[in-house]
Protein chains: 2
Amino acid sequence: MTLQELRKEIDELDRQLVTLLSRRAETALEAGRLKVATDLPIYEPAREKTIYENVRKANLGPLPDIELIHIFERIVDVMRTLQKNELAPQRNAQAAALGHDAGVQSPETGNRQ
Amino acid sequence: MTLQELRKEIDELDRQLVTLLSRRAETALEAGRLKVATDLPIYEPAREKTIYENVRKANLGPLPDIELIHIFERIVDVMRTLQKNELAPQRNAQAAALGHDAGVQSPETGNRQ
């Protein structure tokens, strides 16, 4: 393959990555909405560990685990920001209705923002 | 869907992301090897811009462009580290054979490491 063909392939892989990341974001938002709506326990620090363990198990190279985890740390970070921005109004409205403190937490991992 | 089902779906999406990122890494390594082997011009700062432009064009939400770019900045960073580690011996050997300076550059974007 020529360099141009290899770059075309990378661009195509990147478009597929965008599609998967968008679906992951949709699913994380759905999980967050469910937790807020059903008042499920939010704080589950084990969840983030499970995400990275799953990534390590799926990795067959050539990226070392540590580099792949660096990418997923950024993904988890970005998902948290999305959840914070999208779900804060829902949580605040619900907390006000229930007379609770409306501190915003990450619906996926339960970490306080 | 229950929270458990949503998390299963996220874990499955993450495994697909690992597969795509691994393929992207393989392809970036191949591009790097080609450049080193054929002594093609390395410095092409426009390439990184093209990567982010491609990502922006492919994005249909729910992640804002800026957050998606944050993820891809990390991806490009990690690919550069991989290339540096994998291709430096090839470049150094070739430079020594040709009597060139063996400074390591990023084969994908041409940035000096």
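Look above for the structure.
Residues numbered from 1 in each chain as written. Chains lettered and ligands numbered in written order. Predicted model: local features only at pLDDT ≥ 70, side-chain atom pairs only at ≥ 80, totals over all residues. Heavy atoms only, no water.

*Asks:* I'd like a rundown of the pattern of salt bridges, residues and numbers included.
*Replies:* If you walk through the whole model with that rule in mind, you get twelve salt bridges over all chains. Between Asp11 of chain B and Arg47 of chain A there is a salt bridge, with the nearest N and O atoms lying 3.2 Å from each other. Of this pair, Asp11 of chain B sits in helix H1 (residues 3-38) while Arg47 of chain A sits in helix H2 (residues 46-58), on two different chains. In this structure, Asp11 of chain B and Arg47 of chain A share a single accessibility class: buried. Between Glu12 of chain B and Arg15 of chain B there is a salt bridge, with the nearest N and O atoms lying 3.2 Å from each other. Of the two residues, Glu12 of chain B and Arg15 of chain B are both situated in helix H1; the distance of three residues between them amounts to about one turn of the helix. According to the relative accessible area criterion, Arg15 of chain B is partly exposed, its value standing at 33%. (Salt bridge = Lys/Arg side-chain N within 4 Å of Asp/Glu carboxyl O. Helix = DSSP H or I, 4+ residues; strand = E, 2+ residues; numbered from the N terminus. Buried < 20%, exposed > 50% of the residue type's maximum accessible area, 1.4 Å probe, protein only.)

*Asks:* Describe in detail the interface of chain A and chain B, supporting the description with residues and values.
*Replies:* Between chain A and chain B, the residue contacts involve 54 residues of the former and 54 residues of the latter. When chain A packs against chain B, close to 5200 Å² is buried across both sides, 69% of that on carbon and sulfur atoms. Counting across the interface, chain A meets chain B through four salt bridges. Counting the contacts that link chain A with chain B gives 14 residue pairs in polar contact (both at pLDDT 80 or more). Broken down by secondary-structure element, the contributors of at least two residues to the side of chain A that touches chain B are helix H1 (3-38), H2 and helix H3 (65-98) of chain A. In terms of residue count, H1 of chain A provides more of the side of chain A that touches chain B than any other element does, 26 residues in total. (Contact = heavy atoms within 4.5 Å. Buried area = accessible area lost by both parts, 1.4 Å probe. Polar contact = N/O pair within 3.5 Å; in protein donor to acceptor, adjacent residues only side chain to side chain.)

*Asks:* An account of the nonpolar core is needed here, citing residue identities and associated values.
*Replies:* Core analysis: the largest hydrophobic core is formed by 42 residues, its most contacted members being Phe72 of chain A together with Phe72 of chain B. Going through the elements one at a time, H1, H2 and H3 of chain A together with H1, helix H2 (46-58) and helix H3 (65-98) of chain B are the ones with two or more residues in this core. The contact partners of Phe72 of chain B, leaving out residues within four places of it in the chain, are Asp14, Leu17, Val18 and Leu21 of chain A together with Tyr52 and Val55 of chain B. (Core = buried A, V, L, I, M, F, W, Y, C linked by side-chain atoms within 4.5 Å.)

*Asks:* For the relation of the copies chain A and chain B, give the residues involved together with the corresponding values.
*Replies:* In this structure, two copies of a chain are linked by a rotation about an axis accompanied by a shift along it. With an RMSD of 0.0 Å, chain A superimposes on chain B once it is rotated by 180° and translated 0.0 Å along the axis. What the superposition gives is, in effect, a two-fold axis relating one chain to the other. (Least-squares fit on C-alpha atoms with pLDDT ≥ 70 in both.)

*Asks:* So what's going on with H3 of chain A? Residues and values would help.
*Replies:* The largest bend in H3 of chain A amounts to roughly 50° and is located at Leu87 of chain A, with the proline Pro89 of chain A lying one to four residues further along. Trailing H3 of chain A by a residue or two, Gly99 of chain A shows a phi angle of about 75°, which is positive. (Bend = angle between axes of the 7 residues up to and from the residue.)

*Asks:* Can you lay out the environment of Gln16 of chain A for me, pointing to particular residues and giving the numbers?
*Replies:* Mapping Gln16 of chain A onto the fold places it in helix H1. Each C-alpha atom of the pair Gln16 of chain A and Thr38 of chain A lies 33 Å from the other, and the pair is 22 residues apart in sequence. Apart from the residues within four sequence positions on either side, Gln16 of chain A is in contact with Leu20 and Arg23 of chain B.

*Asks:* I'd like to hear about the packing of H1 of chain B against H3 of chain B, residue by residue, with values.
*Replies:* Residue and element names in this part refer to chain B. At their nearest, the axes of H1 and H3 sit 9 Å apart, and the two run at 35° to each other. Considering the relative orientation of H1 and H3, their crossing is right-handed. Residues Leu21, Arg24, Ala25, Ala28, Leu29, Gly32, Arg33, Val36 and Ala37 of H1 touch H3, and the partners they reach there are Ile75, Met79, Leu82, Gln83, Glu86, Leu87, Gln90, Arg91 and Gln94. Looking at the contact of H1 with H3 residue by residue, the classes come out as ten nonpolar, four polar and four charged. (Axes fitted to C-alpha atoms, helices over the stretch in contact; angles between N-to-C directions. Left-handed = near helix turned anticlockwise from the far one by under 90°. Nonpolar A, V, L, I, M, F, W, Y, C, P; charged D, E, K, R; others polar.)

*Asks:* Give me the lowdown on the environment of Met1 of chain B, citing residues and values where you can.
*Replies:* Position of Met1 of chain B relative to the elements: it lies in the segment before H1. Judged by relative accessible area, Met1 of chain B falls into the exposed class, the value being 52%. Those residues within four positions of Met1 of chain B in sequence are excluded, and the remaining contacts are Glu30 and Leu34 of chain A together with Leu6 and Glu9 of chain B.

*Asks:* Can you break down the side chain of Glu67 of chain A residue by residue, with the values?
*Replies:* Within the secondary structure layout, Glu67 of chain A lies in helix H3. Of the side chains with opposite charge, Arg74 of chain B lies nearest to the buried Glu67 of chain A, which makes no salt bridge, at 7.8 Å. (Lys, Arg positive; Asp, Glu negative; His and termini not counted.)

*Asks:* Can you break down H1 of chain A residue by residue, with the values?
*Replies:* In a regular helix each residue adds 1.5 Å, so 36 residues correspond to 52 Å; H1 of chain A covers 52 Å between its end C-alpha atoms and thus fits that length. Remark: Asp39 of chain A follows H1 of chain A within two positions and exhibits a positive phi of approximately 55°. (Expected span 1.5 Å × (residues − 1).)

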